[in-house]
Protein chains: 2
Amino acid sequence: MLICRTIKEIRDFVRQARSRGLTVGFVPTMGYFHEGHLTLMRRAKEACDVVVVSIFVNPLQFGPREDYDRYPRDLDRDVSLAREVGVDAIFHPSVEEMYPPGFTTHVDVEGLTECLCGLSRPGHFRGVATVVTKLFNIVRPDRAFFGQKDAQQALVIRRMVEDLNMDLEIVTVPTVREEDGLAMSSRNVYLSPEERRAATVLSRSLEAARRAYESGERDAGRLVELVRGMIAAEPRALVDYVEIRSVPDLKPVSRLDGPALLALAVRFGSTRLIDNLVLGSPDGVL
Amino acid sequence: MLICRTIKEIRDFVRQARSRGLTVGFVPTMGYFHEGHLTLMRRAKEACDVVVVSIFVNPLQFGPREDYDRYPRDLDRDVSLAREVGVDAIFHPSVEEMYPPGFTTHVDVEGLTECLCGLSRPGHFRGVATVVTKLFNIVRPDRAFFGQKDAQQALVIRRMVEDLNMDLEIVTVPTVREEDGLAMSSRNVYLSPEERRAATVLSRSLEAARRAYESGERDAGRLVELVRGMIAAEPRALVDYVEIRSVPDLKPVSRLDGPALLALAVRFGSTRLIDNLVLGSPDGVL
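Per an unreviewed UniProt entry, chain A goes by Pantothenate synthetase and derives from Desulfofundulus luciae. Comment text from UniProt for chain A, heading Subunit (unreviewed entry), reads "Homodimer." Its UniProt record gives chain A a comment under Function (unreviewed entry), which states: "Catalyzes the condensation of pantoate with beta-alanine in an ATP-dependent reaction via a pantoyl-adenylate intermediate."

Written out as structure tokens, the structure reads:
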């Protein structure tokens, strides 16, 4: 497995693979791998000849009071996990390699980014869209793999790829969960044992909403209230948002008559977690 | 010569060329070709195996009170001129093909775009950067060719290509001029005969500045005043801006101790013309 820190090295690697007629799958990550990341890599491995994984904690997508500095990092562990899965190359650039002095260009996906996490985290999706554009231009993959856990991110990337005519396929992969239902996230390590137990209310409330939907409930307000009510009963949880929005446009909906995203962000102490559910889609994936 | 209107067609054409190991040169234009455009195509032809020219009057780069509707168009003439030069494919998409319903993504190059034409034409460079990103992603050229006449545009594109790691080379080609010095522009057809005569003051004033620079003048203010004075003596001319800025950062400069851009925009009646000169660069090109 190649581990490289420069754009030139990873470009040379991909060019060589391409010149041998191989297809390239790409999994952009911020590292600190959990089973969600590894699932993305396995999916990439199944679908493509060569798999490139980037590990880059992107400062551009963190707000000034967010957790950029303390975001968990463990390169050695990431490298050995990626190797086990059969990843072919890890691209692990420095901040200076990605944003040299004078850097000043950004990619903005409007409309989709002014709600949900875009409201709570101004500039976040601009940072995501910009770094993903850079990574796509560096790696030039045939397919890139994103987790459904970051549903809004996946929709923003899809929109960007379509709008800017990027020549690759975006694959969204279902959220991987702990045994008790908590969606896997590198940020789960921030939780105290009490917060960790309390955080299961997120998946439990989404499951309750799914059952209500399957029993015929189509009123978005009532589904949201069901989720909010369950989270409100958990004293350690502080709701940032619980919303139902259309897929793929993320417009507000009052009745569910097409695929819709039930998305939530909730704080436990200083840790902000997100989770979501796609309703009205055959496979539950975006 | 292929003439196509859809993204799929031009992509197929380029893919086929690439699979035969040919290099691809690209000249993005808004059509209504003059010798400046044809020079770009000839340079592309010399440097690359296959030349693709796009003809697209991009609504995104025109302000609401600008000349999008009356911008001159003559596809038949453009096609025959391109054929004479040996262009291999023309991509001439509709507005709907480039901006389908729901389009919402933009590329912003900050810093470089808040001065000169960026001040007089808010949103212009955002429209340019966005359409050029799309065109680059559609055509995926090895090299793209831009005229030095649009110097700020060329610098913005270079910055964008570097910042977003687009994998191609930007070539800037010297401005082509009429016999009396007027920089070639599709907008020159807007000029009345009197305005056309008056417009020669632009290249004459730039030439005067060049001579002053060559005689040792390094004070930016005095060079600007020289140009402004000559233009002020022409009653049909109304200055939008005359400025000297650093290359490639477009920072204000007071003394010329490195390459600098002397750039101007001047109105003649309702027609706005631009021209420029690079001082302190060995070949006078950006």
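Colleague: Which parts of the structure should I look at to understand the overall build of chain A?
Modeller: Along the backbone of chain A there are 10 helices and 10 strands. By the compact-globule yardstick of 19 Å for 286 residues, chain A fits well, its C-alpha radius of gyration being 19 Å. Dimensions of chain A along its principal axes, counting C-alpha atoms only, are 55 × 40 × 40 Å. Here chain A holds 286 residues, and the buried ones make up 57% of them. Considering only contacts within chain A whose residues lie at least 6 apart along the sequence, 72% involve residues at least 24 apart. Accessible area for chain A stands at about 12100 Å²; split by element, carbon and sulfur atoms hold 49% of it. Where the 38 positive side-chain charges of chain A centre and where its 41 negative ones centre are 1 Å apart.

Colleague: Looking at this structure, how should I read the pairing of strand 3 (residues 50–55) of chain A?
Modeller: It is a general feature of regular strands that their side chains alternate between the two faces of the sheet. Residue and element names in this part refer to chain A. Most of strand 3 is tucked away, with six of its six residues classed as buried. Where burial is concerned, the two faces of strand 3 agree: the one with V50, V52 and S54 and the one with V51, V53 and I55 are both buried. Running through helix 2 (residues 35–47), the crossover from strand 2 (residues 24–29) to the neighbouring parallel element strand 3 is right-handed. Bridging between strand 3 and strand 4 (residues 89–91) involves three bridges; their strand directions are parallel. Residue pairing for strand 4: V52 is matched across the bridge by A89. For the handedness criterion, the β-α-β arrangement of strand 3, helix 3 (residues 75–85) and strand 4 is classed as right-handed.

Colleague: So what exactly am I meant to see when it comes to the UniProt feature "binding site: beta-alanine" (unreviewed entry) in chain A here?
Modeller: All names here are of chain A. Here the UniProt-annotated "binding site: beta-alanine" (unreviewed entry) positions come out as Q61. Considering the arrangement of structural elements, one finds Q61 in the loop between strand 3 and helix 3. Ignoring any residue separated from it by four or fewer positions in sequence, one finds Q61 in contact with M30, E66, R121, H124, G127, V128 and V131. In this structure the side chain of Q61 is engaged in a polar contact, spanning 2.9 Å, whose partner is the side chain of N58.

Colleague: Please explain the UniProt feature "active site" (unreviewed entry) in chain A as it appears in this structure.
Modeller: All names here are of chain A. Under the UniProt annotation, "active site" (unreviewed entry) lies at H37. Turning to its location among the elements, H37 is positioned in helix 2. A relative accessible area of 11% means that H37 is categorised as buried. H37 has contacts with T29, G31, Y32 and S186, leaving out every residue within four places of it along the chain. A polar side-chain atom of H37 sits 2.9 Å from the main-chain amide nitrogen of H34.

Colleague: Where do I start with the pairing of strand 7 (residues 169–173) of chain A in this structure?
Modeller: All names here are of chain A. Burial of strand 7 is extensive: four of the five residues sit out of reach of the surface. Relative to strand 7, strand 6 (residues 143–147) runs parallel, the two sharing five bridges. Residue pairing for strand 7: G147 is matched across the bridge by V173. Handedness of the crossover joining strand 6 and strand 7 through helix 7 (residues 151–163): right-handed.

Colleague: Quick question: what am I supposed to make of the environment of L112 of chain A here?
Modeller: Summarising the element assignment, L112 of chain A is placed in the loop between strand 5 (105–109) and helix 5 (117–120). In this structure L112 of chain A touches Q152, L155, V156, R159, P248, D249 and L250 of chain A, once residues within four positions along its chain are discounted.

Colleague: Can you walk me through the sheet that holds strand 9 (residues 260–268) of chain A in this structure?
Modeller: Strand pairing in a sheet relies on backbone hydrogen bonds, with the paired strands running either antiparallel or parallel. Residue and element names in this part refer to chain A. Reading across the sheet, the three strands line up as 8-9-10 and stay open at both edges, with antiparallel pairing between neighbours. Each edge of the open sheet is held by one strand with a lone partner, namely strand 8 (237–246) and strand 10 (271–279). Averaged over neighbouring strand pairs, the angle between their axes works out to 15° when direction is ignored. Helix-sheet contacts for helix 10 (residues 220–232) involve strand 8, strand 9 and strand 10, and the interaxial angle to strand 8 is about 160°.

Colleague: Would you explain the interface of chain A and chain B in this entry?
Modeller: Reports of interface size often rely on the accessible area that becomes lost once the parts have come together. Taken together, the contact between chain A and chain B spans 28 residues of the former and 28 residues of the latter. Buried area between chain A and chain B, summed over both chains or domains, comes out near 2600 Å², and the portion from carbon and sulfur atoms is 39%. When residues of chain A are sorted by the area they lose upon contact with chain B, R140, L164 and N165 of chain A head the list and together hold 24% of the total. Summed over the shared surface of chain A and chain B, the result is eight salt bridges. Of the charged contacts in the structure, one is a salt bridge between R126 of chain B and D108 of chain A, with a shortest N-O distance of 3.9 Å. Those elements that place two or more of their residues in the side of chain A that touches chain B are helix 1 (7–19), strand 5, helix 6 (124–139) and helix 7 of chain A. If you tally residues by element for the side of chain A that touches chain B, the top one is helix 6 of chain A, at six residues. A per-class count over the side of chain A that touches chain B returns nine nonpolar, nine polar and 10 charged. Judged from the five bridges that link them, strand 5 of chain A and strand 5 (residues 105–109) of chain B form a sheet pairing that is antiparallel.

Colleague: Looking at this model, I keep getting lost on the relation of the copies chain A and chain B. Mind explaining?
Modeller: Note: a rotation about an axis with an accompanying shift along it relates these two copies of the chain. Mapping chain A onto chain B is achieved by rotating through 180° and translating by 0.0 Å along the same axis, at an RMSD of 0.0 Å. This pairing of chains is accounted for by a two-fold axis. Residue V107 of chain A, judged by its C-alpha, is the member of chain A lying nearest the rotation axis, at 2.3 Å. Both copies share a contact surface, since 100% of the interface residues of chain A are interface residues in chain B too.

Colleague: Can you help me understand the sheet that holds strand 2 (residues 24–29) of chain B in this one?
Modeller: Residue and element names in this part refer to chain B. Taken together, six strands build an open sheet; the order of strands is 1-4-3-2-6-7 and the sheet is parallel. Each end of this open sheet is capped by a strand with a single partner; those strands are strand 1 (2–4) and strand 7 (169–173). Neighbour-to-neighbour, the strand axes of the sheet open up by a mean angle of 25°, direction not taken into account. Each of strand 2, strand 3 (50–55), strand 4 (89–91), strand 6 (143–147) and strand 7 is contacted by helix 6 (residues 124–139), which is oriented at about 150° to strand 2, the strand it contacts most.

Colleague: Would you mind showing me how to read helix 2 of chain A here?
Modeller: Within an α-helix, residues lying three or four positions from one another point in the same direction, as the helix has 3.6 residues per turn. All names here are of chain A. Compared with the 18 Å implied by 1.5 Å per residue over 13 residues, the 18 Å span of helix 2 between its first and last C-alpha is a close match. All of the buried residues in helix 2 are G36, H37, L38, L40, M41 and A44. On the buried face of helix 2, the contacting elements are strand 2, strand 3, helix 3, strand 6 and strand 7.

How each quantity is defined
Residues numbered from 1 in each chain as written. Chains lettered and ligands numbered in written order. Predicted model: local features only at pLDDT ≥ 70, side-chain atom pairs only at ≥ 80, totals over all residues. Heavy atoms only, no water. UniProt positions renumbered as here; feature names shortened; annotations may be inferred. Helix = DSSP H or I, 4+ residues; strand = E, 2+ residues; numbered from the N terminus. Rg over C-alpha atoms; globule rule 2.2 N^0.38 Å. Buried < 20%, exposed > 50% of the residue type's maximum accessible area, 1.4 Å probe, protein only. Contact = heavy atoms within 4.5 Å. Areas by Shrake-Rupley, 256 points an atom, 1.4 Å probe, with all protein chains shown as cover. Lys, Arg positive; Asp, Glu negative; His and termini not counted. Charge placed at Lys NZ, Arg CZ, Asp CG, Glu CD. Right-handed = clockwise from strand over helix to strand, strands pointing away. Pairing = 2+ DSSP bridges. Polar contact = N/O pair within 3.5 Å; in protein donor to acceptor, adjacent residues only side chain to side chain. Axes fitted to C-alpha atoms, helices over the stretch in contact; angles between N-to-C directions. Buried area = accessible area lost by both parts, 1.4 Å probe. Salt bridge = Lys/Arg side-chain N within 4 Å of Asp/Glu carboxyl O. Nonpolar A, V, L, I, M, F, W, Y, C, P; charged D, E, K, R; others polar. Least-squares fit on C-alpha atoms with pLDDT ≥ 70 in both. Expected span 1.5 Å × (residues − 1).

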